[in-house]
Amino acid sequence: MAMIRVVLVDDQLLFVESLKTVLDFRADDIEVVGTAHNGEEGLQVVRDTHPDIVLMDVRMPGMDGVETARRLSAEFPGIKVVMLTTFDDDTYVREAMQYNAVGYLLKNIPPEDLIGSIRAVGSGNILLSPDVVGKILGREEHAPEPSPDAGDFTVGDFSRREREVLYFISRGMDNTAIANRLFIAEQTVKNHISKIYAKLETRDRFRVAEIGRGLHLEHYCSYLD
């Protein structure tokens, strides 16, 4: 199994050291290659170590996690960022995801679930805590789940390949995972997504996923399951 190289960034020293200990002793395929306690320090550690994944708190003094994610996206577009926080704030989620963050998990996640999440991100998946998803979709915890709203869009607005890409976006997959699933180049996936964004007049990936769910693309892309 390929080793997943991880950098931890959090202003709480005890939390970082505890998390490092958990990963070091419970996950043979995950290596913590560096730790940092603020955004600027995190950027330098990433420059020095070139990890696969940065696991980072969203709220830190000075440069917060969202701004750090923005800078990482510009400087290291191939590195995957997972935001780890006690705050299930959908505003932070949307902002972080705009800067290529591929996961948003709450700090109370059980250790084994966190390890599984890191492995899933390493395999190309996008992860969100169920509590966070509930806030993004505007649902109450115990309320019946409403049908997602696709607005004025219909399946006919998209080509077959665009429907396939939109289907996988609605299932939380990132560009690499979509490319692997469809056996096409990642740049081709990006081209299709650009067309989808233009048609939907938004670059908010959560809104795109919401529209995709509202179109019930599982009925049109069942051959992909």
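Residues numbered from 1 in each chain as written. Predicted model: local features only at pLDDT ≥ 70, side-chain atom pairs only at ≥ 80, totals over all residues. Heavy atoms only, no water.

1. Quick word on the overall build of the chain
Moving on, step 1. Each helix and strand in the chain was counted, giving ten helices and six strands.
Moving on, step 2. Taking all 225 residues of the chain together, the buried fraction comes to 46%.
Moving on, step 3. Expressed as a percentage of contacts within the chain between residues at least 6 apart in sequence, the contacts between residues at least 24 apart total 68%.
Moving on, step 4. Put simply, the chain shows about 11,300 Å² of open surface, and 48% of that area lies on carbon and sulfur atoms. (Helix = DSSP H or I, 4+ residues; strand = E, 2+ residues; numbered from the N terminus. Buried < 20%, exposed > 50% of the residue type's maximum accessible area, 1.4 Å probe, protein only. Contact = heavy atoms within 4.5 Å. Areas by Shrake-Rupley, 256 points an atom, 1.4 Å probe, with all protein chains shown as cover.)

2. What about the pairing of strand 1 (residues 4-9)?
Moving on, step 1. Among the six residues of strand 1, five are classified as buried, and the element is accordingly described as predominantly covered.
Moving on, step 2. When strand 1 meets strand 2 (residues 30-36), the two strands line up parallel, connected through six bridges. From the neighbouring strand, Ile 4 faces strand 2, where its bridge partner is Ile 30.
Moving on, step 3. Note on the crossover from strand 1 through helix 1 (residues 13-26) to strand 2: the handedness is right-handed. (Pairing = 2+ DSSP bridges. Right-handed = clockwise from strand over helix to strand, strands pointing away.)

3. Comments concerning the packing of helix 8 (residues 175-182) against helix 9 (residues 186-200)
Moving on, step 1. As a packed pair, helix 8 and helix 9 sit with axes 8 Å apart at the nearest point and diverge in direction by 110 degrees. When the axes of helix 8 and helix 9 are compared, the pair comes out roughly perpendicular. Only Glu 186, Val 189, Lys 190 and Ile 193 of helix 9 make contact with helix 8, whose side of the interface consists of Asn 175, Thr 176, Ile 178 and Ala 179.
Moving on, step 2. Its residues assigned to classes, the contact of helix 8 with helix 9 shows four nonpolar, two polar and two charged. (Axes fitted to C-alpha atoms, helices over the stretch in contact; angles between N-to-C directions. Parallel < 35°, antiparallel > 145°, perpendicular 65-115°, else oblique. Nonpolar A, V, L, I, M, F, W, Y, C, P; charged D, E, K, R; others polar.)

4. Some remarks on helix 7 (residues 160-170)
Moving on, step 1. Counting buried positions along helix 7 yields eight of eleven residues, so the element is predominantly enclosed.
Moving on, step 2. Among the residues making up helix 7, those that are buried are Glu 162, Glu 164, Val 165, Leu 166, Tyr 167, Phe 168, Ile 169 and Ser 170.
Moving on, step 3. Where helix 7 is buried, its residues contact helix 8, helix 9 and helix 10 (205-214).
Moving on, step 4. Following helix 7 by one or two positions, Gly 172 has its phi on the positive side, about 85 degrees.

5. A word on the packing of helix 7 against helix 9
Moving on, step 1. Between helix 7 and helix 9, the shortest axis-to-axis distance is 10 Å and the interhelical angle comes to 90 degrees. One way to sum up the angle between helix 7 and helix 9 is to call them roughly perpendicular. Residue-level inspection shows Arg 161, Glu 162, Val 165, Leu 166 and Ile 169 of helix 7 in contact with helix 9, the latter providing Val 189, His 192, Ile 193, Lys 195, Ile 196 and Lys 199.

6. Details of the pattern of salt bridges
Moving on, step 1. One pass over the structure, following the stated rule, counts eleven salt bridges.
Moving on, step 2. As a salt-bridge pair, Asp 24 and Lys 20 come within 2.8 Å of each other at their nearest N and O atoms. Here Lys 20 and Asp 24 lie together in helix 1, a separation of four residues that amounts to about one turn.
Moving on, step 3. You can call Asp 24 partly exposed: its relative accessible area is 35%.
Moving on, step 4. In this structure, the salt-bridge partner of Glu 112 is Arg 26, at a minimum N-O distance of 3.4 Å. Of the two residues, Glu 112 sits in helix 5 (residues 111-122) while Arg 26 sits in helix 1, which places them 86 residues apart along the sequence. (Salt bridge = Lys/Arg side-chain N within 4 Å of Asp/Glu carboxyl O.)

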